Amino acid sequence: MRRVTFSRNFTLSLSRTCRCYCRYCAFATHRAHLYAPDEVEGLLDEASRRGAKELLVLTGERPEVNGEVAARLSSYGHEDFTSYVAWACERALERGMLPHTNLGVLSRDDLARLREVTASQGLMLESIVADLIVHQGSPTKHPERRLQTIRAAGELRIPFTSGILVGIGETAQQRIEALRALAEVHAEHGHLQEVILQNFVAHPRYYGAEPAQIADGAQREGTHGEPAAMPAWASPITLDDMRALVRAARELMPDVGVQIPPNLSDWWLPLVDEGATDLGGLSANGDHISPEHPFPSPHAMRKRLKAQGHALAERLCVYPQYMDAQWLEQGVLDVIKTSYWSFIPRRGSGRRSDRPIRRELAPGAIARARDGATLSEEELTALFAERRPEAIEDMRAAADELRAELMGERVTYVVNRNINVSNVCVVGCAFCGFGQGRRSPDAYEHDRDEFVRRVEGAVAYGASEICMQSGIHPAWGLEDYLFWLRLARDTAPGIHLHAYSPMEIAHMCDVSDMAPAEVFARLRDAGLGSTPGTAAEVLHDGVRQRISPNKLPVARWVEIIEASHVAGLRSTATVMFGHVEEPWELAEHMRVVRSVQERTGGITEFVPLSFIPHHTLLGRTHGIEEISAEENLAHTAAFRLALGRTVPSLQASWVKMGLDAATEALRWGVNDLGGTLMEESISRLAGSRHGVRLEPGDLIGAAHRAGRPAAERTTLYEIRARYELPVAA
Ligand code: SF4
């Protein structure tokens, strides 16, 4: 699953008055055009109402060369246009929107002034050719002038967007040369966050009309204008030309995004397949440069991308790698930290608050954890925030030793089948791609026959466990949950029923008005064998408020898990990590899990579940990216060390991390590879690309590849079959 981004923005064409005369442009005017301050405030209020995160300020170049514009600027109290733009940007920041400006060629001083109030700036290089017909009368379209501005932006450490126009009279070779020129500037300063490959489309002229209004109308109604005739100076472009450019951009600037405007051709989807990474700013009020071409809706694009195996996610106008004090003014960074902190990349800590991490504690903590000691919150925090390769290797080695001491060399797995009886759910967790409203076209509910068929399938497959969880179905009462258990038990009397998350148990308690102990007694009588310790997410109420405010609080989760243990039903314990949580919140999670285990001893295994963001709200709109395999493994070791000798079994989830990473995790403290599952859907619907089932042979093979013997186990860790390492030939 590849992530493709866009920015939810609103365009402010503050002034269309321009000193240039580019022949392809329908945006610029040479009359006086300038929004008054009260009009700007009104537009910004509208942008805010329409949910824009970015204010895209598009303007003609140096509009104050027009005497009337200059006079109006002066009457508004601004000595020049840059000052007025900066004022508009400040008003946008006050409303929690991040400004991105594109004012044409600017002096270093103007760039610096705008840097104070913008998150990013941009200037298209357009072309490397100095004498294109389309640029006659536009001296600042000379590539040297433009590269000068782009270079100055790099010197000033301004996150920057540039790009080329394709089809304005240049040759295929000259397009590549233009990309090469951009790559050279980027190599000097590292400030290009994305390169736009924009195919030229011919426009009608808009004399006497306002492109902003045409664009807004077209965007609201989704209507496309009549295609205009291609002018004689235009060079024809094909999809293959664009494909070649995407490849060249990726090759020349592998760390720079490649943006394709999705409203100017139907090519955006094949170009994403080719490697394009971004679909630009999808302005709520349309494309002011090509107003007759409305943007497709994110919803429509998401559907088409999903079918191709891509996930559409929002980004901010400034790319994540630039979200720090080196690249952004404090006032701008403050808006990101206040309103968009989840877009700040994980760097160990500091997205929401700058708590000090006591890195000096790590070596001692690793040594003490290896001996099974309980670590302090500060020590655990230091381990979860650890980024130093040597310290991570020490964590890995200690976790591996602890695993060997507690569980030996054997790698276990369980042959099981997942059954999610229904995905109807009323809880609405922001991390969930599975739960659906009752009326959603994707909602389902198995009927009795389907359920029996699945249970019988599990028996025929040789499964020893059925793992059963569903959404929180508003119409289900305790009897429904009992019904499914009895049906499973009657259909497959010998099979272990591992069912119902603490959230489902809490729901049963609520609707039946019974205490957890009573509910568990009824469930046990109906065939329940053990309880999944899911719905734990992060056992910190602050995190729960942020990602699933309707979910059971920590104290209730603990109460339910302990009630399960008291009822003689052992449970697993899980953590879902790699989203909005901070290291100290994971430290708290581990304190809670460890203390439950110290009280009851009922937890059979600990299962770290890395977050799959792609088709979830957190991934789509909050900038959460999938955790890297390296970070995932480092966390795995930290979980093992945090548990000490309390919970002996640590599982790697191949569904979340993939079988290769899960196999590698066997060196990071893991002794168990989980289940064959047969029909995993919760992670698949969140965008996991690691499949829905594995054969026992896949898991045995993984253990053997890691140089370890394998064994099939039951849910409660009795060994069913052993698979020794093959004897070398
Ligand atoms: S995680 Fe569970 S409770 Fe939350 S929305 Fe998804 S199905 Fe519902």
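Our subject in this report is the structure included herewith. Here the structure is a predicted model, which is why all the values come from computation and not from measurement.

1. Regarding the site of the ligand
- Around the ligand sit C425, V427, G428, C429, F431, C432, F434, G471 and K551, and those are all the residues in its vicinity.
- Tallied by class, residues from the shell around the ligand come to 6 nonpolar, 2 polar and 1 charged.

2. Describing the packing of aromatic side chains
- As enumerated under the stated definition, the model contains 13 aromatic pairs in all.
- Taking the centre distance of 5.0 Å and the plane angle of 50° together, the rings of F200 and W233 count as tilted. With F200 in the loop between β6 (192-199) and α7 (211-221) and W233 in the loop between α7 and α8 (239-252), this pair connects stretches of sequence that are 33 residues apart. Residue F200 shares its accessibility class with W233, and that shared class is buried.
- Ring plane angle 90° and centroid distance 5.0 Å describe the contact between Y481 and Y500, whose orientation is recorded as edge-to-face. You can see Y481 sitting in helix α16 (residues 478-491) and its partner Y500 sitting in the loop between β13 (496-499) and α17 (502-512), a full 19 residues away along the chain.
- Residue classification places Y481 among the buried positions, given a relative accessible area of 0%.
- Through successive ring pairs, a cluster of aromatic residues spans F451, W476, Y481, F483, W484 and Y500.

3. Side note on the packing of helix α12 (residues 362-370) against helix α14 (residues 389-407)
- Axis separation between α12 and α14 bottoms out at 9 Å; the angle between their running directions is 5°. Taken together, the axis directions place α12 and α14 in an arrangement best described as roughly parallel. Touching I366, A369 and R370 of α12 are A391, D394, M395, A398, E401, L402 and E405, all from α14.
- In the contact of α12 with α14, the residues fall into 6 nonpolar, no polar and 4 charged.

4. Some points on the sheet that holds strand β17 (residues 649-650)
- Strand order in the open sheet formed by 3 strands is β15-β16-β17, with parallel pairing between adjacent strands. Edge strands, defined here as strands with exactly one partner in the open sheet, are β15 (571-577) and β17.
- By the bridge criterion, 2 bridges tie strand β16 (residues 603-610) to β17 in an arrangement that is parallel. Paired with F606 across the strands is L650, a residue of β17.
- Lying over the sheet, helix α21 (residues 583-600) contacts β15 and β16, oriented at roughly 165° with respect to β16.

5. Observations regarding helix α18 (residues 516-525)
- Those residues of α18 that sit buried are P516, V519, F520 and L523. An end-on view of α18 places all buried positions within 95° of arc, on one side of the element. Along α18, exposed side chains directed more than 90 degrees from the buried face belong to A517 and D525.
- Its buried side turned inward, α18 meets α16, α17, β14 (528-530) and α20 (554-566).

6. Some words on α12
- Considered for burial, the residues of α12 that qualify are A362, A365, I366, A369 and R370. Down the axis of α12, the buried side of the element spans an arc of 135°, and every buried residue falls inside it.
- Elements that come into contact with the buried residues of α12 comprise α13 (377-384), α14 and α23 (629-643).
- Backbone geometry just after α12 places G372 at a positive phi near 85°.

7. Some remarks on the pattern of salt bridges
- Throughout the structure, instances matching the rule amount to 64 salt bridges.
- Between R175 and E170 there is a salt bridge, and its shortest N-O distance comes to 2.7 Å. No difference in accessibility class separates R175 from E170, as the two residues are buried.
- Linking R713 and E605 is a salt bridge whose minimum nitrogen-to-oxygen distance equals 3.1 Å.

8. Things to note about the pairing of strand β12 (residues 465-468)
- Taking every second residue as pointing to the same face, both faces of β12 are buried, with E465 and C467 on one and I466 and M468 on the other.
- Here 4 bridges tie strand β11 (residues 416-419) to β12, and the two strands are oriented parallel to one another. Within the sheet, the bridge partner assigned to N418 lies in β12 and is C467.
- As for the winding sense of the linkage, the β-α-β connection from β11 through helix α15 (residues 448-461) to β12 is right-handed.
- Bridging between β12 and β13 involves 4 bridges; their strand directions are parallel. The partner of E465 across the bridge, within β13, is H496.
- Handedness of the crossover is the feature at issue here: the chain leaves β12, passes through α16, returns alongside β13, and the resulting connection is right-handed.

9. Comments concerning the nonpolar core
- The biggest cluster of nonpolar side chains holds 207 residues, and the ones touching the most others in it are L14, L98, L197, Y500, L523 and F606.
- The biggest single contributor to this core is helix α3 (residues 81-94), with 9 residues.
- Residues within four places of F606 in sequence aside, it is in contact with A573, T574, V575, H589, M590, V593, F639, L643, V647, S649, L650 and Q651.
- By size, the runner-up hydrophobic cluster in this structure holds 15 residues, among which are C18, M124, V134 and A234.

Scoring rules and cut-offs
- Residues numbered from 1 in each chain as written.
- Predicted model: local features only at pLDDT ≥ 70, side-chain atom pairs only at ≥ 80, totals over all residues.
- Heavy atoms only, no water.
- Near = heavy atom within 4 Å.
- Nonpolar A, V, L, I, M, F, W, Y, C, P; charged D, E, K, R; others polar.
- Phe/Tyr/Trp six-rings, centres within 6.5 Å; stacked < 30°, edge-to-face > 60°.
- Helix = DSSP H or I, 4+ residues; strand = E, 2+ residues; numbered from the N terminus.
- Buried < 20%, exposed > 50% of the residue type's maximum accessible area, 1.4 Å probe, protein only.
- Axes fitted to C-alpha atoms, helices over the stretch in contact; angles between N-to-C directions.
- Parallel < 35°, antiparallel > 145°, perpendicular 65-115°, else oblique.
- Contact = heavy atoms within 4.5 Å.
- Pairing = 2+ DSSP bridges.
- Arc of directions from axis to C-beta.
- Salt bridge = Lys/Arg side-chain N within 4 Å of Asp/Glu carboxyl O.
- Right-handed = clockwise from strand over helix to strand, strands pointing away.
- Core = buried A, V, L, I, M, F, W, Y, C linked by side-chain atoms within 4.5 Å.

Bear in mind that shape data such as this cannot, by itself, settle questions of function.
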